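Listed below, chain by chain, are the residues.
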Amino acid sequence: MTEAMQQGGSYMYRTIRSPAVPAAAAALTVAIFSVDALTSLDVAIAVLYVAVVLMSVWIWPRRGVIGVMLFCMALTLLAFVLSHDVLRDDAALARCLVSLAAIAITGFLAVKGQEATQALLQREEALNQARNQLAHASRVSTLGEMTATIAHEVNQPLAAILTHGQAGLRWLDRDQPELGEVRRAVDAMQQNARRASEVIQRIRGMARQSAPSMVPLAPAALVQESCDLLRRELHRLRVKLKLELAADLPLVMADKVQLQQVVINLVMNAAQAMSEAMTVAPTIEVRCSLVPAGEAQEGAAMIQVEVADNGPGLSQEHMERMFSAFFTTKKEGMGMGLAICRSILEAHHGSIRAGNRAPQGAVMRVLLPPVTGGTS
Ligand code: ADP
(Lines give C-alpha, C1' and ligand atoms only; values in the text may rest on other atoms or scores of the structure.)
Protein backbone atom coordinates (compact mmCIF):
# COMPACT_ATOMS: atom_id res chain seq x y z
CA MET A 1 0.00 0.00 0.00
CA THR A 2 2.90 2.32 0.52
CA GLU A 3 5.65 3.21 -1.93
CA ALA A 4 9.06 4.88 -1.66
CA MET A 5 9.20 8.43 -2.88
CA GLN A 6 12.30 10.56 -3.35
CA GLN A 7 12.15 13.98 -1.76
CA GLY A 8 15.32 16.06 -1.79
CA GLY A 9 17.47 12.94 -1.85
CA SER A 10 15.74 11.09 1.01
CA TYR A 11 13.12 8.38 0.76
CA MET A 12 9.82 8.34 2.55
CA TYR A 13 6.38 6.90 2.30
CA ARG A 14 3.98 7.90 -0.37
CA THR A 15 0.72 7.66 1.52
CA ILE A 16 -2.60 7.10 -0.17
CA ARG A 17 -3.93 10.37 -1.49
CA SER A 18 -7.45 9.22 -2.27
CA PRO A 19 -9.93 10.94 0.13
CA ALA A 20 -11.90 7.68 0.43
CA VAL A 21 -9.65 6.18 3.10
CA PRO A 22 -9.63 9.18 5.47
CA ALA A 23 -13.37 9.54 4.91
CA ALA A 24 -13.93 5.87 5.77
CA ALA A 25 -11.67 6.19 8.83
CA ALA A 26 -13.55 9.28 10.00
CA ALA A 27 -16.94 7.60 9.45
CA LEU A 28 -15.80 4.50 11.36
CA THR A 29 -14.52 6.67 14.20
CA VAL A 30 -17.82 8.52 14.47
CA ALA A 31 -19.77 5.24 14.35
CA ILE A 32 -17.64 3.58 17.06
CA PHE A 33 -17.82 6.61 19.30
CA SER A 34 -21.60 6.93 18.87
CA VAL A 35 -22.24 3.28 19.73
CA ASP A 36 -19.72 3.39 22.58
CA ALA A 37 -20.98 6.64 24.14
CA LEU A 38 -24.68 6.48 23.42
CA THR A 39 -25.62 2.81 23.88
CA SER A 40 -25.30 0.65 26.91
CA LEU A 41 -24.00 -2.51 25.15
CA ASP A 42 -21.84 -4.64 27.42
CA VAL A 43 -19.12 -5.16 24.82
CA ALA A 44 -15.75 -3.55 24.35
CA ILE A 45 -16.86 -1.77 21.18
CA ALA A 46 -13.89 0.65 21.47
CA VAL A 47 -11.58 -2.22 20.48
CA LEU A 48 -12.72 -1.52 16.91
CA TYR A 49 -10.64 1.68 17.00
CA VAL A 50 -7.71 -0.61 16.10
CA ALA A 51 -9.19 -0.62 12.55
CA VAL A 52 -8.98 3.19 12.50
CA VAL A 53 -5.37 3.07 13.72
CA LEU A 54 -4.51 0.52 11.03
CA MET A 55 -6.16 2.67 8.35
CA SER A 56 -4.15 5.67 9.53
CA VAL A 57 -0.96 3.84 8.50
CA TRP A 58 -2.09 4.22 4.87
CA ILE A 59 -2.83 7.91 5.31
CA TRP A 60 -0.18 9.43 7.55
CA PRO A 61 3.45 8.90 8.47
CA ARG A 62 4.63 7.99 12.00
CA ARG A 63 3.48 11.12 13.83
CA GLY A 64 0.02 10.97 12.27
CA VAL A 65 -0.42 7.34 13.32
CA ILE A 66 0.58 8.17 16.90
CA GLY A 67 -1.83 11.13 16.84
CA VAL A 68 -4.70 8.89 15.64
CA MET A 69 -3.85 6.32 18.30
CA LEU A 70 -3.95 8.95 21.08
CA PHE A 71 -7.15 10.44 19.67
CA CYS A 72 -8.84 7.01 19.65
CA MET A 73 -7.68 6.39 23.23
CA ALA A 74 -9.07 9.78 24.25
CA LEU A 75 -12.43 8.97 22.58
CA THR A 76 -12.54 5.63 24.39
CA LEU A 77 -12.01 7.34 27.72
CA LEU A 78 -14.53 10.05 26.89
CA ALA A 79 -17.20 7.51 25.92
CA PHE A 80 -16.54 5.57 29.10
CA VAL A 81 -16.87 8.73 31.23
CA LEU A 82 -20.04 9.80 29.40
CA SER A 83 -21.84 6.47 29.45
CA HIS A 84 -20.79 4.77 32.70
CA ASP A 85 -20.51 5.37 36.35
CA VAL A 86 -16.75 5.66 36.47
CA LEU A 87 -16.33 4.64 40.12
CA ARG A 88 -18.81 1.77 40.30
CA ASP A 89 -18.88 -0.06 36.97
CA ASP A 90 -15.85 -2.35 37.25
CA ALA A 91 -16.78 -4.48 34.23
CA ALA A 92 -17.05 -1.39 32.02
CA LEU A 93 -13.75 -0.11 33.40
CA ALA A 94 -12.12 -3.43 32.54
CA ARG A 95 -13.54 -3.28 28.97
CA CYS A 96 -12.29 0.27 28.67
CA LEU A 97 -8.80 -0.73 29.79
CA VAL A 98 -8.77 -3.70 27.38
CA SER A 99 -9.77 -1.37 24.54
CA LEU A 100 -7.08 1.18 25.51
CA ALA A 101 -4.46 -1.58 25.66
CA ALA A 102 -5.58 -2.96 22.26
CA ILE A 103 -5.42 0.51 20.66
CA ALA A 104 -1.99 1.27 22.21
CA ILE A 105 -0.52 -2.11 21.16
CA THR A 106 -1.94 -1.77 17.63
CA GLY A 107 -0.56 1.77 17.38
CA PHE A 108 2.86 0.64 18.59
CA LEU A 109 2.98 -2.32 16.17
CA ALA A 110 1.68 -0.19 13.29
CA VAL A 111 4.43 2.40 13.82
CA LYS A 112 7.11 -0.31 14.07
CA GLY A 113 5.79 -2.00 10.92
CA GLN A 114 5.79 1.34 9.12
CA GLU A 115 9.40 1.96 10.16
CA ALA A 116 10.49 -1.52 9.08
CA THR A 117 8.83 -1.10 5.67
CA GLN A 118 10.48 2.29 5.29
CA ALA A 119 13.90 0.83 6.15
CA LEU A 120 13.32 -1.92 3.59
CA LEU A 121 12.35 0.59 0.93
CA GLN A 122 15.44 2.67 1.68
CA ARG A 123 17.65 -0.41 1.45
CA GLU A 124 16.04 -1.41 -1.83
CA GLU A 125 16.60 2.08 -3.16
CA ALA A 126 20.24 2.06 -2.04
CA LEU A 127 20.63 -1.29 -3.80
CA ASN A 128 19.10 0.16 -6.96
CA GLN A 129 21.45 3.13 -6.82
CA ALA A 130 24.46 0.85 -6.31
CA ARG A 131 23.31 -1.29 -9.26
CA ASN A 132 22.97 1.80 -11.47
CA GLN A 133 26.42 3.04 -10.43
CA LEU A 134 27.91 -0.37 -11.22
CA ALA A 135 26.24 -0.45 -14.63
CA HIS A 136 27.56 3.05 -15.33
CA ALA A 137 31.07 2.13 -14.17
CA SER A 138 31.12 -0.98 -16.30
CA ARG A 139 29.89 1.00 -19.35
CA VAL A 140 32.68 3.54 -18.80
CA SER A 141 35.31 0.85 -18.34
CA THR A 142 34.12 -1.07 -21.44
CA LEU A 143 34.32 2.17 -23.39
CA GLY A 144 37.79 2.82 -21.94
CA GLU A 145 38.99 -0.66 -22.82
CA MET A 146 37.51 -0.39 -26.30
CA THR A 147 39.26 2.94 -26.87
CA ALA A 148 42.53 1.56 -25.52
CA THR A 149 42.17 -1.50 -27.78
CA ILE A 150 41.58 0.61 -30.87
CA ALA A 151 44.49 2.88 -30.02
CA HIS A 152 46.75 -0.08 -29.31
CA GLU A 153 45.92 -2.07 -32.43
CA VAL A 154 46.00 0.81 -34.87
CA ASN A 155 49.07 2.40 -33.38
CA GLN A 156 51.34 -0.45 -34.46
CA PRO A 157 50.77 -0.25 -38.24
CA LEU A 158 50.69 3.57 -38.12
CA ALA A 159 54.06 3.69 -36.38
CA ALA A 160 55.41 1.26 -38.99
CA ILE A 161 54.08 3.43 -41.85
CA LEU A 162 55.89 6.42 -40.34
CA THR A 163 59.16 4.49 -39.99
CA HIS A 164 58.96 3.19 -43.56
CA GLY A 165 58.03 6.65 -44.86
CA GLN A 166 61.04 8.22 -43.13
CA ALA A 167 63.32 5.46 -44.45
CA GLY A 168 61.94 5.93 -47.98
CA LEU A 169 62.62 9.68 -47.83
CA ARG A 170 66.17 9.06 -46.64
CA TRP A 171 66.81 6.71 -49.59
CA LEU A 172 65.36 9.33 -51.96
CA ASP A 173 67.43 12.16 -50.47
CA ARG A 174 70.69 10.41 -51.19
CA ASP A 175 72.92 11.81 -53.93
CA GLN A 176 72.20 8.58 -55.76
CA PRO A 177 68.59 7.76 -54.77
CA GLU A 178 68.13 4.03 -54.12
CA LEU A 179 64.88 3.47 -55.94
CA GLY A 180 64.81 -0.24 -55.06
CA GLU A 181 64.84 0.59 -51.35
CA VAL A 182 62.26 3.33 -51.85
CA ARG A 183 60.00 0.79 -53.59
CA ARG A 184 60.46 -1.65 -50.68
CA ALA A 185 59.60 1.09 -48.18
CA VAL A 186 56.48 2.10 -50.12
CA ASP A 187 55.48 -1.59 -50.36
CA ALA A 188 55.83 -1.95 -46.61
CA MET A 189 53.81 1.25 -46.11
CA GLN A 190 51.06 -0.19 -48.29
CA GLN A 191 51.05 -3.47 -46.38
CA ASN A 192 50.83 -1.68 -43.05
CA ALA A 193 48.12 0.68 -44.26
CA ARG A 194 46.13 -2.36 -45.42
CA ARG A 195 46.69 -3.92 -42.02
CA ALA A 196 45.49 -0.81 -40.20
CA SER A 197 42.37 -0.78 -42.32
CA GLU A 198 41.77 -4.50 -41.66
CA VAL A 199 42.17 -3.90 -37.94
CA ILE A 200 39.64 -1.07 -38.07
CA GLN A 201 37.22 -3.25 -40.04
CA ARG A 202 37.67 -5.98 -37.45
CA ILE A 203 36.96 -3.51 -34.62
CA ARG A 204 33.87 -2.25 -36.43
CA GLY A 205 32.84 -5.89 -36.74
CA MET A 206 33.37 -6.34 -33.01
CA ALA A 207 31.25 -3.26 -32.30
CA ARG A 208 28.51 -4.73 -34.49
CA GLN A 209 29.01 -8.01 -32.63
CA SER A 210 29.79 -9.85 -35.86
CA ALA A 211 31.62 -13.12 -35.35
CA PRO A 212 35.33 -13.25 -36.30
CA SER A 213 35.82 -14.70 -39.78
CA MET A 214 37.21 -18.12 -39.00
CA VAL A 215 38.88 -19.85 -41.94
CA PRO A 216 41.38 -22.72 -42.13
CA LEU A 217 44.86 -21.15 -42.11
CA ALA A 218 48.41 -22.45 -42.39
CA PRO A 219 49.99 -21.45 -39.05
CA ALA A 220 53.59 -21.28 -40.33
CA ALA A 221 52.64 -18.96 -43.20
CA LEU A 222 50.69 -16.76 -40.82
CA VAL A 223 53.67 -16.48 -38.44
CA GLN A 224 55.98 -15.78 -41.39
CA GLU A 225 53.73 -12.99 -42.75
CA SER A 226 53.35 -11.39 -39.33
CA CYS A 227 57.11 -11.34 -38.79
CA ASP A 228 57.65 -9.91 -42.30
CA LEU A 229 55.56 -6.91 -41.28
CA LEU A 230 57.96 -6.28 -38.40
CA ARG A 231 61.31 -6.70 -40.14
CA ARG A 232 62.12 -3.05 -40.51
CA GLU A 233 61.03 -2.20 -36.95
CA LEU A 234 63.19 -5.03 -35.60
CA HIS A 235 66.08 -3.83 -37.74
CA ARG A 236 65.66 -0.34 -36.26
CA LEU A 237 65.82 -1.81 -32.75
CA ARG A 238 68.83 -3.95 -33.85
CA VAL A 239 67.03 -7.13 -32.91
CA LYS A 240 67.92 -10.33 -34.73
CA LEU A 241 64.99 -12.53 -35.71
CA LYS A 242 65.27 -16.30 -36.10
CA LEU A 243 62.36 -18.30 -37.48
CA GLU A 244 61.91 -22.05 -37.09
CA LEU A 245 58.77 -23.04 -38.88
CA ALA A 246 57.93 -26.73 -39.12
CA ALA A 247 56.74 -27.92 -42.51
CA ASP A 248 53.43 -29.68 -43.19
CA LEU A 249 51.73 -28.50 -40.02
CA PRO A 250 47.99 -29.06 -39.70
CA LEU A 251 45.83 -26.02 -40.40
CA VAL A 252 44.19 -23.99 -37.66
CA MET A 253 40.69 -22.48 -37.74
CA ALA A 254 41.42 -18.82 -37.18
CA ASP A 255 40.70 -15.20 -37.90
CA LYS A 256 43.80 -14.14 -39.80
CA VAL A 257 43.94 -10.53 -38.65
CA GLN A 258 43.42 -11.47 -35.01
CA LEU A 259 46.12 -14.14 -35.00
CA GLN A 260 48.55 -11.78 -36.78
CA GLN A 261 47.78 -9.36 -33.99
CA VAL A 262 48.84 -11.95 -31.41
CA VAL A 263 52.15 -12.76 -33.11
CA ILE A 264 52.94 -9.08 -33.70
CA ASN A 265 52.19 -8.23 -30.06
CA LEU A 266 54.42 -10.99 -28.74
CA VAL A 267 57.33 -10.20 -31.03
CA MET A 268 57.12 -6.45 -30.37
CA ASN A 269 56.91 -7.02 -26.60
CA ALA A 270 60.06 -9.14 -26.76
CA ALA A 271 61.87 -6.53 -28.88
CA GLN A 272 60.83 -3.66 -26.61
CA ALA A 273 61.77 -5.54 -23.42
CA MET A 274 65.26 -6.21 -24.82
CA SER A 275 65.66 -2.70 -26.12
CA GLU A 276 64.67 -1.18 -22.74
CA ALA A 277 67.01 -3.53 -20.87
CA MET A 278 69.79 -2.79 -23.42
CA THR A 279 70.27 -6.52 -23.93
CA VAL A 280 73.53 -7.45 -25.64
CA ALA A 281 72.94 -9.19 -28.99
CA PRO A 282 69.13 -9.08 -28.69
CA THR A 283 67.61 -12.05 -30.47
CA ILE A 284 64.05 -13.26 -30.90
CA GLU A 285 63.36 -16.87 -31.85
CA VAL A 286 59.93 -17.61 -33.23
CA ARG A 287 59.09 -21.29 -33.53
CA CYS A 288 55.99 -22.90 -34.93
CA SER A 289 55.59 -26.62 -34.33
CA LEU A 290 53.21 -29.45 -33.53
CA VAL A 291 53.05 -30.71 -29.95
CA PRO A 292 52.00 -34.38 -30.17
CA ALA A 293 48.98 -35.53 -28.18
CA GLY A 294 51.18 -37.45 -25.73
CA GLU A 295 53.14 -34.29 -24.77
CA ALA A 296 50.34 -31.72 -24.74
CA GLN A 297 48.63 -31.00 -21.44
CA GLU A 298 45.40 -30.64 -23.37
CA GLY A 299 45.49 -34.39 -24.13
CA ALA A 300 45.30 -33.72 -27.89
CA ALA A 301 47.86 -32.58 -30.47
CA MET A 302 48.24 -28.78 -30.51
CA ILE A 303 49.91 -26.23 -32.76
CA GLN A 304 52.45 -24.28 -30.73
CA VAL A 305 53.84 -20.85 -31.53
CA GLU A 306 56.74 -19.85 -29.28
CA VAL A 307 58.25 -16.39 -29.09
CA ALA A 308 61.46 -16.50 -27.07
CA ASP A 309 63.90 -13.68 -26.36
CA ASN A 310 67.12 -13.21 -24.45
CA GLY A 311 65.94 -10.08 -22.64
CA PRO A 312 65.42 -9.40 -18.92
CA GLY A 313 62.84 -12.19 -18.50
CA LEU A 314 59.82 -12.03 -16.23
CA SER A 315 59.59 -11.66 -12.48
CA GLN A 316 57.01 -13.78 -10.64
CA GLU A 317 54.86 -10.67 -10.09
CA HIS A 318 54.92 -9.71 -13.77
CA MET A 319 54.06 -13.25 -14.80
CA GLU A 320 50.97 -13.14 -12.60
CA ARG A 321 49.76 -9.75 -13.75
CA MET A 322 50.90 -9.34 -17.34
CA PHE A 323 47.66 -10.70 -18.90
CA SER A 324 45.49 -8.28 -16.92
CA ALA A 325 44.17 -5.26 -18.80
CA PHE A 326 46.14 -2.05 -18.17
CA PHE A 327 49.16 -3.79 -16.60
CA THR A 328 52.29 -2.28 -18.11
CA THR A 329 55.83 -1.51 -17.06
CA LYS A 330 56.47 0.72 -20.07
CA LYS A 331 56.50 4.49 -19.84
CA GLU A 332 54.12 4.82 -22.76
CA GLY A 333 52.55 1.37 -22.55
CA MET A 334 48.83 0.77 -22.34
CA GLY A 335 48.96 -2.73 -20.93
CA MET A 336 46.33 -3.97 -23.36
CA GLY A 337 48.45 -6.11 -25.72
CA LEU A 338 48.55 -9.35 -23.73
CA ALA A 339 45.00 -8.97 -22.44
CA ILE A 340 43.87 -8.71 -26.07
CA CYS A 341 46.08 -11.68 -27.06
CA ARG A 342 44.55 -13.83 -24.39
CA SER A 343 40.97 -12.96 -25.28
CA ILE A 344 41.69 -13.58 -28.98
CA LEU A 345 43.22 -16.97 -28.20
CA GLU A 346 40.38 -17.96 -25.91
CA ALA A 347 37.97 -17.14 -28.74
CA HIS A 348 40.06 -19.56 -30.86
CA HIS A 349 39.86 -22.29 -28.17
CA GLY A 350 43.57 -21.80 -27.58
CA SER A 351 45.70 -20.53 -24.73
CA ILE A 352 48.78 -18.46 -23.94
CA ARG A 353 51.38 -18.93 -21.22
CA ALA A 354 54.43 -16.98 -20.16
CA GLY A 355 57.69 -18.30 -18.75
CA ASN A 356 61.41 -17.76 -18.49
CA ARG A 357 64.17 -19.58 -20.32
CA ALA A 358 67.76 -20.42 -19.53
CA PRO A 359 70.19 -18.75 -19.44
CA GLN A 360 68.07 -15.59 -19.76
CA GLY A 361 64.94 -14.20 -21.35
CA ALA A 362 61.21 -14.71 -21.58
CA VAL A 363 59.25 -17.15 -23.66
CA MET A 364 55.60 -16.83 -24.61
CA ARG A 365 53.83 -20.02 -25.68
CA VAL A 366 50.64 -19.98 -27.71
CA LEU A 367 48.68 -23.19 -28.23
CA LEU A 368 45.95 -23.63 -30.82
CA PRO A 369 43.89 -26.68 -31.69
CA PRO A 370 44.58 -27.97 -35.22
CA VAL A 371 41.85 -28.63 -37.75
CA THR A 372 41.65 -32.40 -37.97
CA GLY A 373 42.48 -33.69 -41.40
CA GLY A 374 43.94 -30.51 -43.02
CA THR A 375 47.66 -29.82 -43.46
CA SER A 376 49.45 -26.82 -44.92
P1 ADP B 1 52.24 -3.01 -23.00
O2 ADP B 1 53.05 -3.53 -24.18
O3 ADP B 1 51.41 -1.82 -23.37
O4 ADP B 1 53.03 -2.80 -21.77
P5 ADP B 1 51.29 -5.73 -22.79
O6 ADP B 1 50.00 -6.27 -22.24
O7 ADP B 1 51.62 -6.15 -24.18
O8 ADP B 1 51.18 -4.16 -22.66
O9 ADP B 1 52.46 -6.15 -21.84
C10 ADP B 1 52.33 -6.02 -20.43
C11 ADP B 1 53.68 -6.09 -19.74
O12 ADP B 1 54.19 -7.43 -19.80
C13 ADP B 1 54.76 -5.24 -20.34
O14 ADP B 1 54.66 -3.90 -19.92
C15 ADP B 1 56.01 -5.93 -19.80
O16 ADP B 1 56.29 -5.52 -18.49
C17 ADP B 1 55.61 -7.39 -19.72
N18 ADP B 1 56.18 -8.17 -20.86
C19 ADP B 1 55.51 -8.62 -21.95
N20 ADP B 1 56.33 -9.33 -22.76
C21 ADP B 1 57.55 -9.32 -22.17
C22 ADP B 1 58.83 -9.89 -22.50
N23 ADP B 1 59.03 -10.61 -23.62
N24 ADP B 1 59.85 -9.69 -21.63
C25 ADP B 1 59.69 -8.98 -20.49
N26 ADP B 1 58.50 -8.42 -20.12
C27 ADP B 1 57.46 -8.59 -20.95
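Residues numbered from 1 in each chain as written. Predicted model: local features only at pLDDT ≥ 70, side-chain atom pairs only at ≥ 80, totals over all residues. Heavy atoms only, no water.

Note the following rule: UniProt positions are given in the numbering used here, feature names are shortened, and annotations may be inferred rather than shown by experiment.
Per an unreviewed UniProt entry, the chain goes by the name histidine kinase and belongs to Herbaspirillum aquaticum. Quoted straight from UniProt, the Catalytic activity (unreviewed entry) entry for the chain says "ATP + protein L-histidine = ADP + protein N-phospho-L-histidine."

## Quick word on the UniProt feature "transmembrane region" (unreviewed entry) in the chain
Inclusion rule: Numbering of helices and strands starts at the N terminus; helices are DSSP runs of H or I of at least 4 residues and strands are runs of E of at least 2.
Following the UniProt record, the feature "transmembrane region" (unreviewed entry) maps to residues 20-37, 43-60, 67-86 and 92-111 here. Secondary structure across residues 43-60 comprises 61% helix and 0% strand; the distance between its end C-alpha atoms is 29 Å.

## Observations concerning the pairing of strand β8 (residues 351-356)
Applicable threshold: Should DSSP find at least two bridges between two strands, the strands are regarded as paired.
Judged from the 6 bridges that link them, β8 and strand β9 (residues 362-368) form a sheet pairing that is antiparallel. Considered in β9, the bridge of serine 351 is made with leucine 367. Counting the residues that bridge the hairpin from β8 to β9 gives 5 residues, and of these glycine 361 lies at a positive phi of roughly 115 degrees.

## Digging into the layout of surface pockets
Put simply, the rule reads: Site definitions follow a grid-based scheme: protein atoms alone, a 1 Å grid, a 1.4 Å probe that fits but cannot get out for cavities, and for pockets an open set with protein on both sides within 12 Å along at least five of seven lines, plus lining residues having an atom within 4 Å of a point. Grid points are joined across faces, edges and corners, and a volume is the space filled by probe spheres set on the points.
Taken as a whole, the largest pocket spans an internal volume of roughly 1200 Å³. Forming the boundary of the largest pocket are 39 residues, of which Met268, Asn269, Gln272, Thr328 and Lys330 lie nearest the centre. Elements with a contribution of two residues or more to the lining of the largest pocket: α4 (90-173), α7 (256-276), β7 (302-309), α9 (337-347) and β9. Considering every element that reaches the lining of the largest pocket, the biggest residue donor is α7, with 10 residues.

## Brief notes about the pattern of salt bridges
Applicable threshold: For salt bridges, the criterion is a side-chain nitrogen of Lys or Arg within 4 Å of an Asp or Glu carboxyl oxygen. For every residue, the accessible area (1.4 Å probe, protein chains only) is compared with the maximum for its type, and the residue is labelled buried under 20%, exposed over 50%, or partly exposed between those bounds.
Here the structure, examined in full by the defined rule, presents 11 salt bridges. For arginine 287, the salt bridge identified is with glutamate 306, shortest N-O distance 2.9 Å. Of this pair, arginine 287 sits in strand β6 (residues 283-291) while glutamate 306 sits in strand β7, placing them 19 residues apart in sequence. For glutamate 306, a relative accessible area of 10% puts it in the buried group. The structure contains a network of salt bridges with shared partners spanning Glu285, Arg287, Glu306, Arg357 and Arg365.

## Quick notes on the packing of α7 against α9
We apply this condition: Each axis is a line fitted through C-alpha atoms, and for a helix only the stretch in contact is used; angles between axes span 0 to 180 degrees, taken between their N-to-C directions. A clockwise turn of the near helix away from the far one marks a right-handed crossing, whereas an anticlockwise turn of less than a right angle marks a left-handed crossing. Here, residues are in contact when the closest pair of their heavy atoms is within 4.5 Å. By the convention adopted, Pro, Cys, Tyr, Trp, Phe, Met, Ile, Leu, Val and Ala count as nonpolar, Lys, Arg, Asp and Glu as charged, and the other residues, Gly among them, as polar.
Remark: α7 packs on α9, axes separated minimally by 9 Å, with the N-to-C direction vectors making an angle of 145 degrees. Read as a crossing pair, α7 and α9 show a hand that is left-handed. When α7 is examined against α9, the residues Gln258, Leu259, Gln261, Val262, Asn265, Leu266 and Asn269 are found in contact with a partner set consisting of Gly337, Leu338, Cys341, Ile344 and Leu345. Within the contact of α7 with α9, the residues separate by chemical class into 7 nonpolar, 5 polar and no charged.

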